[in-house]
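# A structural walkthrough
Spelled out, the chains give:
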Amino acid sequence: MVTILDVNDNIPQLNSSQYGAVLREDTPVDSIIVGIAASDADMSFNGEIVFSLSSDFDSTFTISEHSGLIALSYPLDFEREHNYTFFVVATDNGDPPLSNSSEVTVIVTDLNDNPPLFASDTYTTSVPENAILGTSVFQIPATDADSTSNAELRFSVLSGNLASAFQLDERSGLISLQDHLDREVTAGYTLSLRVVDQGTPQFTAQAELLVQVADVNDHIPEFSSNVYHVSVPEQSGMGTLVGVVAATDADTGVNADLVYSIIAGDPDGIFSIDPLAGEVIISRGLDFESVPSHSLTVLVSDRGQPQSHSSTAVLSVSVLDDNEHPPSYPMSHYIVDVPDNTPPGARVGSFPTNDSDTYQRSSLRYSLGNHGNASFFSVDPYTGDLYTLSLLPSGGEELFISLVVSDGLFTVSVGVTVAVFPLSSSLPVFQPPSFIFSINEDTSLGEVVGSLTTTGDDVIFSLANESSVDFPFEVSSNGEINLIGRVDYETAPTWLFSVRAVSTLNSSLVSHAVVALEIDDANDNPPTFASGSYSLIISELTPVSSLLLTLTAHDLDPPGVNSEVEFSITGGNEGGKFDVDPLTGELIVAGLLDYEEQQRFVLNVSLVDENDHAPQFTAPHYQAAVSSGVGEGTPVLTLTAEDPDSGTNSDLSFFLTHLDLPLSFAVNHSTGVVSTGPGFRGDVDSYVLLAAVSDRGSPQPQSDTATIYIMVVPDNNFAPQFSSPGGYAVSIPETLPFGGLGDPGEIFIIDPSTGLISLVGGLDYNSVSLFQLGVDAEDGGTPPRNSFVTVNISVADVNNHAPLFPTSHYTISIYENTTAGSSIANITATDPDTVSISYLLSLNSFAGEIPLFSLDSETGVLSTNSSVDREVAGIRHLLVSAIDSGYPIRLSNSVPVTVIIVDLNDTPPQFDQSEYVFSLLRYLAPGVDFARVTATDSDLIGQPLEYDITGDTSGAASGLCTDVDPVNCSFVQFGSCDPRIIGSLYDPFCTHPDFVLSPERFLCVRHYCRDPQLSLCLPSETCLPPNTACDGQCPPGTSLCPTTHLCHVTSLSESCDGTNVTCLIGQILAEGTDSTRECRSLSTLPQTALDCSNEQLYCTSTDECVNITSPPACPYCPTPLTLCPDTRECVPSPEHCCGSGGFFCDALNQCLALSEICQLPNVPPVVFTPLIHLPNPDPQSGDGHVISELLSNRDKQHGQ
């Protein structure tokens, strides 16, 4: 015989060159991730294979060197490592050893285990209040260490976005301006920001953003009043406070720093103003007599950048007159003629005075001097009129008196000569006794301004007193008063002088009279502005009609038409941006200002207007067309002209000065509208007209001419025609992008010139699937013609909705004897899109290679595909997917389905052995237990098992046990027996102290209980639970409870009926899963049992204390289900306990909230394709290890 010895000449062979696994990053440590199988053709040690890893990545993975099972030994973290690649080495035990290797790739899938993070809890940014809409305000910085959808962030503003001022892009986190800001209304916003990832479960983070609105100089300083009125005494000294002009500015910072200045009304620098406080003080002396009032224009400007704003107000200062001038009489001496028969009390004459101090005039008091002939007269102290006090002396005498006037400070006097003449004499008497004449101040020299008359003709007239060289009048002998010098109303509005008449018959006969010559004002003084120039700085945001400045002007002519001033702008007003009130001089903004268009205006404001501009047509030639069929009065064109003058100098009238055909056209003289006249003829090809425009200026109107060419065109007899008069039809997808500007609510707009219809609003097929638009086309003819057409725009449905199941989870119960092909549920979904839905059983259960269930792809009816057996698996987990038929993308959704197999009593009990063989003692006594047989029933609802012995039990089998205790048993250990003979009898005894002699006295036995929790009861040779009576006997100090067969402390009075059992010290009443109760030692129970009170018992099934009630008091579940402590539900395993707010998703092998959907990421349209199927690593287990990957149809087409 030749024995061939094995040589290690075969290397180990692995069953695959590559292995792979896809693991969630929360895969538990010690999980088996892949099994490696290898073989070696050698024998004995040469064929024994040992597995190892080329790299364990810092002990992340381990491999069983004998079984080839690779396990996870360190927690995974997707953020730390996405995938691992290493080699498994299979080495035999030969000499030398041979080895082989295969590559293993482990892909880690991300879980949402990292919340999004803000870099800071609070952010601050600023935005100017004049920022345009759409301006980017802030980019929210947030990060998430996860990937894919777990790192996709969505941003939102929880609060603080007052009036929706800001808009947030929820995907990018960019905050932009959505509404106009106004710092003066809201100076800042505190936005509460929130970021949430798109993982499951979702994580969030919050932060605050403080948006400060930066001030922009967008407010004009405003005075508290447009006009301030103050009064100041004439004698006020320098530095005296006149008044305060106060302005406010709603801006802040330098934009609200105000500077005051006087820009007009103070040409002599009498006043000054504090530039910061607005206090106006006196800088030079006041003079009421020169200027009784001042109108100061005060400018306030802010210091805003880049452009300041300003406004003006008027400070009207009234100077209160001081008594600084004495009163005066207009004549140096008066002569009055009085007849000698004048009675006492008669009025002799009136002698008015002047006082430059206006308010002192009412305080003048008159009296007579103490010298002369004052005794004959009296004077009215208030008016100064002279009266006789007694009879006068006879005629021919002259009485002299002194007339005194005082204003309280100053006193002056004038002499008055009263000439008394006899009434009977032929004295020439002036008729009337005094004369009043008036002349214009521009009267020519040499003109006769008046004539004197007396009662007699033989008289010679002359001045009564010597005149000064500048006296402007001369009295001729014939009584004519001639103008020989210049008079000026503004200097001396009235001249008073005395004249006399001497009789040529008797030179001693002389009479006197007073002549008052009043000078009438002539418009001989031009008006003048209070300031030669004005300078203003205003904002381009100044509203229209805002008052900028009140211009003031003075005219030395007295109040009246000669001093009435009229203001007008005569130059520099480009675009008509400003206007001035012709009477008040208020300069206002008349049009919108634009700094970028024009930064400076130089306005020429005139006080009077001259017609120095001729009107001009806006075009030298006009052209128009008119339809041949129009009637009289049809407007053809409008003439327009401009005239820079104002008032009547710019009032324009239009005329037609030449017509080809009489009355063919007419023009409205005011509006310039040219219309067809009664002589218009449509058969004439064209007309040439000559038009003129004229103003109504003074002294000479001015005019301009223009030529008009009018073409006659045939009537517009045809309407426009659409290329498809019957209408248009077009179909567009509901996802067609839209753009352009339209009114709110508009979906479509049309270009009026091209007819192009554009989409400016979003479409939704499910809301509106058809739009019928009416389009009107109108030509520009006369009269205009139009046509109408209907455009039907149908909205094509786009697959933008995934199918939706009515519930997030289906639970179905069926009996385990349900036959194959039976319908057990109808699982259907709905889709608002116009698509059909097909159904796919994405995750099925199998019995071997046969799927247990099938799903109708069209109806969604779920049926059994083969018989089901609860004893194999009581719960089956399926995943049903609904896939629509949309194009170009098919959308889907999935729902988990749990099928619970309801048990039937369809399985017979099974002995744990098919045959039992026992050895019996020859002398075993009846009733002694010698063996135990056990059987089990896999049905849940089966009845308790009953045991019986069938067959022949007589003969040699007599004396054997006929029944078996199914719960407890005594195990008999045999010992030696050494019989002794005492007397004539055998006296057997046991030589071992632990053994006792059996009742038959032929056997030494030792009884004990295999369960240490049980106690041996020797009389009955049974194992009893604690506190159970042994052969009716209880331990000392306790007594037997007849209802429970338990022992309880006899010294206590509590009942022992099961509802209030008292256990021994150190024990507690416990209820098991089968509702049985017993006293258990606290040392053998969890910590929870120590917290139970005397009125409670401990539930071993739920680890809790409950109040004692009639059994059962504790919840329990049938084998093999597990009770969830919080929900009291029976589930397959503790991992299925998800609490009241969730459910277990088998597809994801995790608990989900009720609001979540149980489906794998990126599920349908998909199929489950096994990537790797490993052989069974455990020959005792029926479960293989399957790792699957989801591949979409699109990926399959690309070979991925």
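A quick note: this is a predicted structure, and the numbers were derived from the prediction, not measured.

Turning next to the overall build of the protein. Across its full length, the protein carries one helix and 92 strands. Within the span of the protein, comprising 1200 residues, buried residues form 38% of the whole. Across the protein, the fraction of contacts at a sequence separation of at least 24, relative to all contacts at a separation of at least 6, is 62%.

Moving on: unusual backbone geometry. Put simply, aspartate 95 and proline 96 share a cis peptide bond, and its omega is 5°. The topology assignment puts proline 96 in the loop between β8 (83–92) and β9 (99–109). The step from threonine 200 to proline 201 runs through a cis peptide bond, and the omega angle for that step is -5°. Within the secondary structure layout, proline 201 lies in the loop between β17 (188–197) and β18 (204–214). Backbone geometry at threonine 148 places phi at a positive 50°, although glycine is not the residue there. Residue placement: threonine 148 occurs in the loop between β13 (142–143) and β14 (153–159). Although it is not a glycine, serine 545 sits at a positive phi angle of roughly 80°.

Our next topic: the environment of asparagine 217. Positionally, asparagine 217 belongs in the loop between β18 and β19 (222–223). Here asparagine 217 is in contact with Asp249, Asp251, Asn255, Asp302, Gly304, Gln307, Ser308 and His309, once residues within four sequence places are set aside. Among the polar contacts made by the side chain of asparagine 217, one reaches the side chain of aspartate 302 at a distance of 3.1 Å.

Right, let's get into the side chain of serine 863. With respect to the helices, strands and loops of the structure, serine 863 is situated in strand β69 (residues 861–864). When its relative accessible area of 11% is taken as the criterion, serine 863 is described as buried. Setting aside chain neighbours within four positions, we find serine 863 in contact with Gly821, Ser822, Ser823, Ile824, Leu852, Phe853 and Ser854.

What follows concerns the packing of aromatic side chains. Here the structure, examined in full by the defined rule, presents 25 aromatic pairs. With a centroid separation of 5.0 Å and an interplanar angle of 90°, the aromatic rings of phenylalanine 166 and tyrosine 189 are classed as edge-to-face. Residue phenylalanine 166 is located in strand β15 (residues 166–168), and its partner tyrosine 189 is located in strand β17; the two are separated by 23 residues in the primary sequence. For the pair phenylalanine 166 and tyrosine 189, one class covers both residues: buried. Relative to phenylalanine 473, the ring of phenylalanine 471 lies with its centre 5.8 Å away and its plane at 70°, an arrangement referred to as edge-to-face. There is no split in this pair, since phenylalanine 471 and phenylalanine 473 are both buried. A connected cluster of aromatic rings, assembled from ring pairs, spans Phe430, Phe435, Phe437 and Phe461.

Okay, the pattern of salt bridges next. Opposite charge on two side chains makes pairing possible when the charged atoms of those side chains draw close. Summed over all chains, the structure comprises six salt bridges. The salt bridge partner of arginine 24 is aspartate 26, with a shortest N-O separation of 3.0 Å. Between arginine 183 and aspartate 215 there is a salt bridge, with its nearest N and O atoms 3.0 Å apart. Here aspartate 215 lies in the loop between β18 and β19 and arginine 183 lies in the loop between β16 (174–177) and β17, a separation of 32 residues in the sequence. Each member of the pair, arginine 183 as well as aspartate 215, carries the same accessibility label: buried. A cluster of three or more residues bridged by salt bridges with shared partners is formed by Arg183, Glu184 and Asp215.

Now for the environment of tyrosine 19. Its place among the elements puts tyrosine 19 in strand β2 (residues 18–24). Sequence separation between tyrosine 19 and valine 106 is 87 residues, and the spatial gap between their C-alpha atoms is 8.5 Å.

Okay, the nonpolar core next. Of all hydrophobic cores here, the largest spans 24 residues; its most connected members are Phe118 and Phe166. Mapped by element, the contributors of at least two residues to this core are β11 (122–128), β12 (136–139), β14, β16, β17 and β18. If you tally residues by element for this core, the top one is β18, at five residues. In this structure, phenylalanine 166 is in contact with Val137, Asn161, Ile175, Ser176, Leu177, Gln178, Leu181, Tyr189, Leu191 and Val211, ignoring residues within four places of it in sequence.

With that settled, the discussion passes to a nonpolar patch on the surface. A contiguous nonpolar surface patch, about 270 Å² in accessible area, is contributed by Phe911, Leu945 and Tyr947. Residue position: leucine 945 is located in the loop between β73 (935–936) and β74 (971–975).

Taking strand neighbours across the sheet as the criterion, the three strands line up as β51-β55-β54 in an open arrangement whose pairing is antiparallel. The two strands at the open ends of the sheet, each matched to only one other strand, are β51 (635–638) and β54 (665–667). Taken pair by pair, the neighbouring strands of this sheet meet at an average axis angle of 25°, ignoring direction. Sheet topology note: the β51/strand β55 (residues 673–676) ladder contains three bridges and is antiparallel. Across the sheet, residue threonine 638 finds its bridge partner in β55, namely valine 673.

If you trace the four strands from one edge of the open sheet to the other, you get β35-β41-β40-β37, paired in mixed fashion. The open sheet has two edge strands with one neighbour each: β35 (434–440) and β37 (459–463). On average, each strand axis in the sheet is inclined to that of its neighbour by 30°, with strand direction left out of account. Pairing geometry for β37 and strand β40 (residues 494–503), over five bridges, is antiparallel. When the sheet's bridge partners are listed, valine 459 is paired in β40 with serine 503.

The pLDDT averaged across the protein works out to 79; a share of 83% of its residues lies at or above 70. Low pLDDT, under 50, characterises residues 954–987; the stretch is placed with 67 contacts to residues that sit more than four places away or in other chains. Of the regions scoring below 50 in pLDDT, residues 1163–1200 engages in 66 contacts with residues more than four places distant in sequence or in other chains.

What follows is about the environment of leucine 593. Here leucine 593 lies in the loop between β47 (586–589) and β48 (604–606). With sequence-adjacent residues up to four places away left out, leucine 593 is seen in contact with Ile538, Ser539, Glu540, Lys577 and Phe578.

As for its placement among the helices and strands, glutamate 234 is situated in the loop between β20 (227–233) and β21 (241–244). A polar contact of 2.8 Å, which involves the side chain of glutamate 234, links it to the backbone nitrogen of phenylalanine 288. Discounting chain neighbours no more than four positions away, the residues touching glutamate 234 are Leu286, Asp287, Phe288, Glu289, Val319, Leu320, Asp321, Asp322 and Glu324.

Thresholds applied
Residue numbering note: each chain is counted from 1, following its sequence as written. Totals for whole chains, interfaces and linings use every residue, but because this is a predicted model, local features are given only for residues with pLDDT of at least 70 and side-chain atom pairs only at 80 or more, for both listing and counting. Note: side-chain values were computed over all heavy atoms of the structure, leaving out hydrogens and water. In this text, helices come from DSSP runs of H or I with a minimum length of four residues, and strands from runs of E with a minimum of two, each type numbered from the N-terminal end. Relative accessibility thresholds used throughout: buried, under 20% of the residue-type maximum; exposed, over 50%; partly exposed, between the two (1.4 Å probe, protein chains only). The contact definition used throughout considers only heavy atoms, calling two residues in contact when any of these lie within 4.5 Å. In protein, a polar contact means a hydrogen-donor-capable atom and an acceptor-capable atom, both N or O and within 3.5 Å, with residues adjacent in sequence counting only if both atoms are side-chain atoms; elsewhere, any N or O pair within 3.5 Å suffices. Here is the rule: rings of Phe, Tyr and Trp (six-membered ring for Trp) pair when centre to centre is within 6.5 Å. Planes less than 30 degrees apart are stacked, more than 60 are edge-to-face, and the remainder are tilted. The rule for a salt bridge is simple: a side-chain nitrogen of Lys or Arg has to be within 4 Å of a carboxyl oxygen of Asp or Glu. Nonpolar cores are built from buried Ala, Val, Leu, Ile, Met, Phe, Trp, Tyr and Cys residues. Side-chain atoms within 4.5 Å join them into one set. Distance thresholds for patches are 9 Å for like charges and 5 Å for nonpolar side chains (Val, Leu, Ile, Met, Phe, Trp, Tyr), applied to residues having over 30% relative accessible area and no salt bridge. Under the convention used here, a 1.4 Å probe and the Shrake-Rupley method define accessible areas, while residue burial counts only the protein chains that appear. Think of it this way: DSSP has to see at least two bridges between two strands before they count as a pair. Axis definition: a line fit to C-alpha positions, over the contact stretch in the case of helices; interaxial angles, taken between N-to-C directions, run 0 to 180 degrees. pLDDT measures the predictor's confidence residue by residue and takes values from 0 up to 100.

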